[in-house]
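Each chain is listed here by its residues.
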Amino acid sequence: MKIKDYIGIGILIIVIAAMPDLVGNDYYLGVLIFTAFNCLTCTGLCLLMGYTGQISIGHGAFIAIGAYSSAILTTKLGWSPWTAMGCGVLLAAITAVIVGIPTMRLKGHYLAMATLGFASIVHIVSVAAVDVTGGPSGISGIPRLQIFGFALNSDTRNFYFSWGVVVVGLYLAVNLIHSRVGRGLQAIHGSEDAASSLGVNIAVDKIKILVLSAIYASISGSLYAHYVLYIDPGPFDIMHSVLLVTMVAVGGLHNIWGAITGAVLLSLLPEFLSFLSEYLQGIGIRYQTDYDTLIYGSILLLIMLFLPEGLFEGLSRSLKSISGFRGKLAGRSSERAD
Amino acid sequence: MKKRSVFLLAALAMVLSFSSAITAMAEDIHVGCIFAITGKASWLGEPERNTAEMVAKKINAAGGINGKKLVLHIEDDQGDNTQAVNAVNKLIKKDKVCAIIGPSTSGTSMAVVPIVQEAKIPLLSCAGAAVIVEPASERKWVFKTPQKDSDCVKRIYDHMKGKGIKDIGIISSTSGFGDAGRNQLKKIAAEYGINIVADETYDPTATDMTAQLVKIKNAGAQAVVNWSIEPAQAIVPQNIKQLKLTIPLYQSHGFGNLKYAAAAGEAGEGLIFPAGRLLAVDTVADDHPQKKVLVDYRNEYESTYKDKVSTFGGHAYDALYILTNAMKKVGDDPAKIRDEIEKTEFVGTAGIFKFSPTDHCGLDKTAFEMLTVKNGKFVVLTE
């Protein structure tokens, strides 16, 4: 791990610790809990997409596997939530291997279509296998998580717990990136032939990383089920998978911190828009929720036009060039501006 | 430089909007509403939002609630569970509402039930499935205003019994509405001595149900029940006509939209379905207790919004009046409102409500009238 990443995680922990006092309202904590779930999935997705270069428009399916495993095993069989979550992880990993063996041979658009097909199959099963998944009526009465008899029954507790999981997940991911395996994965992204000639077992490594990202998604799904306490197929549809890919792309594919930035930004955007609509209504402009899509699209367009490497990299570069510009004004040399 | 100024402008706009200050007067009464105004269920949420705004305006014009102004906080959940959970949290924790109306769909309602139960805020759902309020002992804070799907099934079975129909085929869509109806059809059948000989489903986006109907025909069904709320249901009568099937077709109350009758065209003539009386208000007897409410609501809605009235808006109408009537009696304390709603009797658009500690829907099967399609219009079935 680089020193930068340690600093990043340190700052994140401080921000998380201070957040409940900063926001001052449990409602915002609720929004941030959903943000944490997205961050967790996006961390795994970034390892797969950004570092290894394998696109997946099917991660909603792995979230669904986690969520449904937790819901079914706890409500119908009365298992402990932790065992159920473990089973979800195992099931997601096995599914990832089965799906990965044929699909990881594909590239580019073909890989995207294959993962899309997989997500579609899981969604159809969750809708149609009524006796197991409850079908469109869903499963209610999912128990809350308990840690040594300490129930996660308030938003503050859930907030700390879910972001704690994100920090652990992030730490492991950053560690992986800077390990030998991580360098191998980045080599796959650069050129599969070159990586292979240097002794990277690309077939196995690609499946391993798919399994890892599926595990991240599955845990995030289990946490979702135990927080909302009700699930139906709605939140795990294809559009959610697409949204996850968008989050990673907006934040920056090639940097795990970019994925986190994108997940946080796009999870909070609906809140910001509802804030905006209240403000506009307050000053007498009628705001239709349909405009959300318009603003959403414009933001994506602006980012893709001006910051194609993603928000995180793009903004840090702009900051650097601004400071370089200032340095020039002060008469210093502008070596740092690139 | 040019790019940078664009960003500066955008940043400035963001900062400005954050500085918004919407201060509400302390003496106002705050009620939350969550409807699926946009997204996949917007045909439910839009008339509900329109109706809620219309009714609130009327109540405030007539002096509000005991002199206090009624303020609605309307949220759009886009028919999405996560958005609905966020919206309910926002209404309870930020806007500090004393009661919530909505959400529009069964899925979103089920997703917010644990939150209102814990926060002890009364919720009046506008969604159909009976499980939202059952069992009442576990849904202390949850009520709903649409008729129950189980009562719809009972009306259909009553009618079948009168016609001597015993063996039926059911066909339902794989949506929350279709699935809940399918479960009720199967559950209640034995009680009425009805035998389900074929049980078929279709995707809400399907365009042909011939295969399913052939199976129902071959199973020897004497009648077909089609349970769906999506436009795809209008294809079933057409397929039945193409197959030259002569057995009667029953639809669910989800057929209650004139657009569906228009889509079914000639094939839709004569099909039978239970629905609230709002759709056939002109053919409801003049001495029926609901007649005045129905006519008033329809005229008011159609003149305000220049659009056809729908039963869905009616659910929001009933919910808001039940709630404000309770608040007129006991003020804006959530616990007192809840207790008062449980004692409420109210003549609404969906039927004659009679809530009790064991019944948080308050409607029974008499809320439904058997309707049929005649010359492209809904009329009360007289036979």
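The structure displayed is predicted, hence computed values, not measured ones.

Chemist: What should I look at first to understand the overall build of chain B in this one?
Modeler: A tally of regular secondary structure across chain B gives 12 helices and 14 strands. For chain B, the C-alpha radius of gyration of 22 Å lies close to 21 Å, the compact-globule estimate for 383 residues. Counting only C-alpha atoms and orienting by the principal axes, one finds that chain B spans roughly 70 × 60 × 40 Å. Residues counted as buried form 59% of the 383 residues belonging to chain B.

Chemist: Please clarify how the domain arrangement of chain B should be interpreted in this entry.
Modeler: Often the size quoted for an interface is simply the accessible area lost on bringing the parts together. Residues and elements named next belong to chain B. According to the domain assignment, chain B consists of domain 1 (29-147 + 293-366) and domain 2 (149-275). Taking only C-alpha atoms into account, the centre of domain 1 sits 29 Å from that of domain 2. Listed per partner, the contact involves 12 residues of domain 1 and 13 residues of domain 2. In total, about 960 Å² of surface goes out of reach between domain 1 and domain 2, with carbon and sulfur atoms giving 56% of it. When the buried area of domain 1 at its contact with domain 2 is split by residue, Trp43, Gln147 and Lys365 rank highest and sum to 52% of it.

Chemist: Which parts of the structure should I look at to understand the pattern of salt bridges?
Modeler: Two side chains bearing opposite charge may form a pair once their charged atoms approach each other closely. Residue and element names in this part refer to chain B. Tallying each qualifying case throughout the model produces 22 salt bridges over all chains. Asp199 serves as the salt-bridge partner of Lys186, at 3.6 Å between the closest nitrogen and oxygen. Of the two residues, Lys186 is situated in helix α6 (residues 176-189) and Asp199 in strand β7 (residues 195-202); the sequence distance between them amounts to 13 residues. In this structure Lys186 comes out as partly exposed when scored by relative accessible area, which is 41%. Asp286 is the salt-bridge partner of Lys291, the closest N and O atoms lying 3.4 Å from each other. By relative accessible area, Asp286 is classed as exposed at 68%. Among the charged side chains, a network of salt bridges with common partners joins Asp179, Arg182, Lys186 and Asp199.

Chemist: Sorry if this is basic, but what is going on with helix α2 (residues 42-61) of chain B here?
Modeler: Within an α-helix, residues lying three or four positions from one another point in the same direction, as the helix has 3.6 residues per turn. All names here are of chain B. With 20 residues, α2 should reach 28 Å at 1.5 Å per residue; the first-to-last C-alpha distance of 28 Å fits that figure. The complete set of buried residues in α2 reads Leu44, Gly45, Pro47, Glu48, Arg49, Asn50, Thr51, Ala52, Met54, Val55, Ala56 and Ile59. Buried positions along α2 lie against β1 (29-35), β2 (70-76), α10 (291-305) and α11 (311-330).

Chemist: Would you mind showing me how to read the state of the cysteines here?
Modeler: Here a disulfide denotes one covalent bond, and it connects the sulfur atoms of two cysteines. All names here are of chain B. Evaluated as defined, the whole model comprises 0 disulfides over all chains. Sulfur of Cys98: no disulfide; nearest cysteine sulfur belongs to Cys33 and is 11 Å away. The buried category is assigned to Cys98, whose relative accessible area is 5%.

Chemist: How do you make sense of the pairing of β2 of chain B when you look at a structure like this?
Modeler: Consecutive side chains of a regular strand alternate in pointing toward one face of the sheet and then the other. Buried residues dominate β2 of chain B, accounting for 6 of its 7 residues. Of the crossover connections in this fold, the one passing from β1 of chain B over α2 of chain B to the parallel β2 of chain B is right-handed.

Chemist: Can you help me understand the packing of aromatic side chains in this one?
Modeler: To describe a pair of aromatic rings, you give the distance between the ring centres and the angle between the ring planes. If you walk through the whole model with that rule in mind, you get 26 aromatic pairs over all chains. Each ring, one from Tyr317 of chain B and one from Tyr321 of chain B, has its centre 4.9 Å from the other, and the planes form 65°; the classification is edge-to-face. Here Tyr317 of chain B and its partner Tyr321 of chain B are both found in helix α11, 4 residues apart, which amounts to about one turn of the helix. Like Tyr317 of chain B, the residue Tyr321 of chain B is buried in the burial classification. An aromatic cluster is built from Phe34, Phe37, Tyr68, Tyr224, Tyr227 and Phe236 of chain A, whose rings are joined through pairwise contacts. Its guanidinium or amino end placed over the ring of Phe150 of chain A, Arg157 of chain A lies 4.1 Å from that ring's centre, counting from NZ or CZ.

Chemist: Whenever I open this one, the sheet that holds β2 of chain B confuses me. Can you help?
Modeler: Either a parallel or an antiparallel arrangement is found when strands of a sheet pair, and the pairing is made through backbone hydrogen bonds. Residues and elements named next belong to chain B. On the basis of which strands lie adjacent, the open sheet formed by 5 strands has the order β2-β1-β3-β4-β5 and parallel pairing. Of all the strands in the sheet, just β2 and β5 (142-144) have a single pairing partner and so form its edges. As defined by bridge partners, β1 adjoins β2 across 7 bridges and the pair is classed as parallel. Paired with Ile29 across the strands is Leu70, a residue of β2. Taken strand by strand, α2 contacts β1 and β2, and its axis lies near 170° from that of β2.

Chemist: Explain helix α12 (residues 256-282) of chain A to me, please; I cannot follow it from the model alone.
Modeler: Residue and element names in this part refer to chain A. An ideal rise of 1.5 Å per residue puts 39 Å on 27 residues; α12 measures up with 39 Å between its terminal C-alpha atoms. The largest bend along α12 reaches roughly 35° and is located at Leu269, with the proline Pro270 sitting one to four residues downstream. The backbone nitrogen of Trp257 lies 2.8 Å from a side-chain oxygen of the residue at the head of α12, namely Asn255. A positive backbone phi angle near 95° is found at Gly284, which sits one or two residues after α12.

Chemist: In this structure, what is going on with the interface of chain B and chain A? I would like to understand it.
Modeler: Chain B puts 36 residues into the contact, and the matching count from chain A is 41 residues. For the pairing of chain B and chain A, the buried interface totals around 3,300 Å² over both sides, and the portion due to carbon and sulfur atoms is 59%. Our count for the chain B to chain A interface comes out at 2 salt bridges. In this structure, Arg144 of chain A engages Glu118 of chain B in a salt bridge whose closest nitrogen and oxygen atoms are separated by 2.8 Å. For the pair chain B and chain A, the number of links is 7 residue pairs in polar contact (both at pLDDT 80 or more). Elements supplying a minimum of two residues to the side of chain B that touches chain A: α1 (2-18), α2, β2, α3 (81-94), α4 (106-119) and α6 of chain B. Its residues placed into classes, the side of chain B that touches chain A shows 11 nonpolar, 13 polar and 12 charged.

Chemist: Can you help me understand the environment of Lys140 of chain B in this one?
Modeler: Residues and elements named next belong to chain B. Structurally, Lys140 is set in the loop between β4 (123-125) and β5. Along the backbone, Lys140 and Thr358 are 218 residues apart, and their C-alpha atoms lie at a distance of 9.5 Å. Setting aside residues up to four positions removed in sequence, Lys140 forms contacts with Gln117, Arg338 and His360.

Chemist: What is the right way to read the side chain of Asn38 of chain A from this model?
Modeler: All names here are of chain A. Mapped onto the fold, Asn38 is located in helix α2 (residues 26-51). Taking the relative accessible area as the measure of exposure, Asn38 reaches 13% and is therefore buried. When sequence neighbours within four positions are dropped, the list of residues in contact with Asn38 reads His240, Leu244, Met247, Ala263 and Ser267.

Chemist: Is there a simple way to think about the packing of helix α11 (residues 238-251) of chain A against α12 of chain A in this case?
Modeler: When two helices pack together, their arrangement is given by the angle between the helix axes and the distance between those axes. Residue and element names in this part refer to chain A. The interhelical angle for the contact between α11 and α12, taken along N-to-C directions, is 120°, at an axis separation of 7 Å. The pairing of α11 with α12 is recorded here as oblique in orientation. Note on packing geometry: the crossing formed by α11 with α12 is right-handed. Facing α11, whose interface residues are Leu243, Thr246, Met247, Val248, Val250 and Gly251, α12 presents Gly258, Ala259, Gly262, Ala263, Leu265, Leu266 and Ser267. Taken together, the residues of the contact of α11 with α12 break down into 8 nonpolar, 5 polar and no charged.

What counts and how
Residues numbered from 1 in each chain as written. Chains lettered and ligands numbered in written order. Predicted model: local features only at pLDDT ≥ 70, side-chain atom pairs only at ≥ 80, totals over all residues. Heavy atoms only, no water. Helix = DSSP H or I, 4+ residues; strand = E, 2+ residues; numbered from the N terminus. Rg over C-alpha atoms; globule rule 2.2 N^0.38 Å. Buried < 20%, exposed > 50% of the residue type's maximum accessible area, 1.4 Å probe, protein only. Domains from an automatic or database assignment. Contact = heavy atoms within 4.5 Å. Buried area = accessible area lost by both parts, 1.4 Å probe. Salt bridge = Lys/Arg side-chain N within 4 Å of Asp/Glu carboxyl O. Expected span 1.5 Å × (residues − 1). Disulfide = S-S within 2.5 Å. Right-handed = clockwise from strand over helix to strand, strands pointing away. Phe/Tyr/Trp six-rings, centres within 6.5 Å; stacked < 30°, edge-to-face > 60°. Lys NZ or Arg CZ within 6 Å of the ring centre and 35° of its normal. Pairing = 2+ DSSP bridges. Axes fitted to C-alpha atoms, helices over the stretch in contact; angles between N-to-C directions. Bend = angle between axes of the 7 residues up to and from the residue. Polar contact = N/O pair within 3.5 Å; in protein donor to acceptor, adjacent residues only side chain to side chain. Nonpolar A, V, L, I, M, F, W, Y, C, P; charged D, E, K, R; others polar. Parallel < 35°, antiparallel > 145°, perpendicular 65-115°, else oblique. Left-handed = near helix turned anticlockwise from the far one by under 90°.

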